[in-house]
Amino acid sequence: MDYRELMVDIRYPARWEAGEAAAQFGAGEAAAFGELAGRFNYGVEPGGFDWAATRTHAYRDVPVREGRWPVVIYSPGLGDARAWNTGLVDDLVSRGHVVITIDHTYDSSGVQFPDGRVVRSVLFDAEPSRELIKTVLDTRVADLRFVLDQLPHVAARFRMDLRRVAVVGHSAGGAAGLQAMYEDARIKAAVNFDGQLSYAFTDDGSDLIQVAQAGLCRPFLLVGAGPPKPSWRALMAHSEGPHSALSAPHATHASFTDAEALLRGDPHGLVEWNRRVVADFLDRAIG
């Protein structure tokens, strides 16, 4: 095969009609997530959680609600699946956004295609290196821009307003979203959940990715599990556009995913806090 395929979900504001409730994961996705991301990213041994059992607030194939909806593209963390922030995604849709979630094939734990094929991640067995980090980020940026290229083909069907596009991402997805915004003027705003902007293994402000060196002139929000990272401070120092950095109380790196609700039990109310700060930012940035 001389090409690489992507899987995306499109979630949209809908008219209220009965439909098929959407599961969070397909069977193949759930199995791969449990064996790889669940185990290595979130400390849940295979069989310790029924990943195939979780449901969402979404329904399949119901009519799109009348309107012109701003667009959010969501990129998950390294090795995670596109469904692994469904709580946040469904909340954004309920507030009037079309949200496109991307599985980065060979990166995401397991990508299940419509014909039943499941393509598993190659990252969990890979030797960590600067070159690997660069390849991951470059590939994710290319994926984001490819999806942007395809949106005009479906914009009318889902009532998208392509003048108002933002990217939200966790970890590597957050870093890729900011870099994509630097490279592509179609992205008007970005949210980075706890993603460092450096090729180094430890964020000490060295070996910065391009966006952190050059800065941005459009709005962005940085949300972290602690004080602003050195690479974030570099980005903010070089940026002329509106931006802010928030520290989430009692958060861990995983708190910006569905792990906070499903695995940690949300003891500090972070689920609602995350949703509110993202929604407030997007209201200001893209309306």
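The structure displayed is predicted, hence computed values, not measured ones.

1. Things to note about the environment of Asp 125
Structurally, the position occupied by Asp 125 is in the loop between β7 (118–120) and α4 (130–150). It is 10.0 Å that separates the C-alpha atoms of Asp 125 and Leu 36, two residues lying 89 residues apart in sequence.

2. A closer look at the pattern of salt bridges
Where side chains of opposite charge bring their charged atoms close, a pairing between them can arise. Tallied over the full model, the rule gives 23 salt bridges. Arg 145 is paired through a salt bridge with Glu 183; the nearest N and O atoms lie 3.3 Å apart. Taken together, the residues span a long stretch of sequence, with Arg 145 in helix α4 and Glu 183 in helix α5 (residues 172–183) at a distance of 38 residues. The partly exposed category is assigned to Glu 183, whose relative accessible area is 35%. In this structure, the salt-bridge partner of Asp 149 is Arg 186, at a minimum N-O distance of 2.9 Å. Taken together, the residues span a long stretch of sequence, with Asp 149 in helix α4 and Arg 186 in the loop between α5 and β9 (189–193) at a distance of 37 residues. With a relative accessible area of 41%, Asp 149 lands in the partly exposed category. By relative accessible area, which is 33% here, Arg 186 ends up partly exposed. Taken together, the salt bridges that share partners define one network made up of Asp 9, Arg 11, Glu 29, Arg 82, Asp 90 and Asp 103.

3. Points about unusual backbone geometry
A positive phi angle, close to 80°, is found at Tyr 106, a residue other than glycine. Since its relative accessible area comes to 38%, Tyr 106 is described here as partly exposed.

4. Thoughts on the sheet that holds β9
Spatially, β1-β5-β4-β8-β9-β10-β11 is the arrangement adopted by the seven strands of the open sheet, whose pairing is mixed. A strand with exactly one partner marks an edge of an open sheet, and here the two such strands are β1 (7–11) and β11 (243–247). Across this sheet, the average inter-strand angle for adjacent strands is 15°, counted without regard to direction. Where strand β10 (residues 220–224) and β11 come together, five bridges link them in parallel fashion. Along β11, the bridge assignment pairs Val 223 with Leu 246. Together, β9, β10 and β11 form the strand contacts of helix α7 (residues 230–238), whose direction differs from that of β10 by roughly 160°.

5. Observations concerning the nonpolar core
Counting 41 residues, the largest nonpolar core has Ile 73, Leu 151, Met 160, Leu 178, Leu 197, Phe 220 and Leu 235 as its most contacted members. Top element by residues in this core is α5. It accounts for six residues. Discounting residues that sit within four places of it in the chain, Leu 235 has contacts with Leu 178, Leu 197, Val 211, Ala 212, Gly 215, Leu 216, Phe 220 and Leu 222. Counting 24 residues, the second-largest nonpolar core is a separate cluster that includes Leu 92, Val 93, Phe 256 and Trp 273.

6. Examining the packing of α4 against α5
Here α4 crosses α5 at 60°, and the two axes come no closer than 9 Å. Compared by their axis directions, α4 and α5 come out oblique. The way α4 lies across α5 gives a crossing that is right-handed. Residues Leu 137, Arg 140, Val 141, Leu 144 and Arg 145 of α4 touch α5, and the partners they reach there are Ala 172, Gly 173, Ala 175, Ala 176, Gly 177, Gln 179, Ala 180 and Glu 183. Across the contact of α4 with α5, the residue classes tally to seven nonpolar, three polar and three charged.

7. Describing the pairing of strand β8 (residues 160–170)
Put simply, side chains in a regular strand alternate between the two faces of the sheet. Within β8, eight of the 11 residues are buried, which leaves the element mostly enclosed by the surrounding structure. Two strands pair when backbone bridges link them, and strand β4 (residues 69–75) and β8 are joined in this way by six bridges, in the parallel orientation. Within β8, the position partnered with Ser 75 by the bridge is Gly 169. The pairing of β8 with β9 spans five bridges and is parallel. Across the sheet, residue Val 167 finds its bridge partner in β9, namely Ala 190.

8. Examining the packing of aromatic side chains
The final tally for this structure, using the stated rule, is 12 aromatic pairs. For the ring pair Phe 193 and Phe 256, a centre distance of 5.2 Å and an interplane angle of 20° mean the geometry is stacked. Of this pair, Phe 193 sits in strand β9 while Phe 256 sits in the loop between β11 and α8 (259–262); the two residues are 63 residues apart in sequence, bridging distant segments of the chain. Residue classification places Phe 193 among the buried residues on the basis of a relative accessible area of 1%.

9. Some thoughts on the packing of helix α3 (residues 86–94) against helix α9 (residues 270–286)
For the pair α3 and α9, the least separation of the axes is 10 Å and the interaxial angle reads 40°. With respect to α9, the element α3 is oriented oblique. The two elements α3 and α9 meet at a crossing, and its hand is right-handed. Residue-level inspection shows Gly 87, Leu 88, Asp 91 and Leu 92 of α3 in contact with α9, the latter providing Asn 274, Arg 275, Val 278, Ala 279 and Leu 282. Tallied by class, residues from the contact of α3 with α9 come to five nonpolar, two polar and two charged.

Criteria and cut-off values
Residues numbered from 1 in each chain as written. Predicted model: local features only at pLDDT ≥ 70, side-chain atom pairs only at ≥ 80, totals over all residues. Heavy atoms only, no water. Helix = DSSP H or I, 4+ residues; strand = E, 2+ residues; numbered from the N terminus. Salt bridge = Lys/Arg side-chain N within 4 Å of Asp/Glu carboxyl O. Buried < 20%, exposed > 50% of the residue type's maximum accessible area, 1.4 Å probe, protein only. Pairing = 2+ DSSP bridges. Axes fitted to C-alpha atoms, helices over the stretch in contact; angles between N-to-C directions. Contact = heavy atoms within 4.5 Å. Core = buried A, V, L, I, M, F, W, Y, C linked by side-chain atoms within 4.5 Å. Parallel < 35°, antiparallel > 145°, perpendicular 65-115°, else oblique. Left-handed = near helix turned anticlockwise from the far one by under 90°. Nonpolar A, V, L, I, M, F, W, Y, C, P; charged D, E, K, R; others polar. Phe/Tyr/Trp six-rings, centres within 6.5 Å; stacked < 30°, edge-to-face > 60°.

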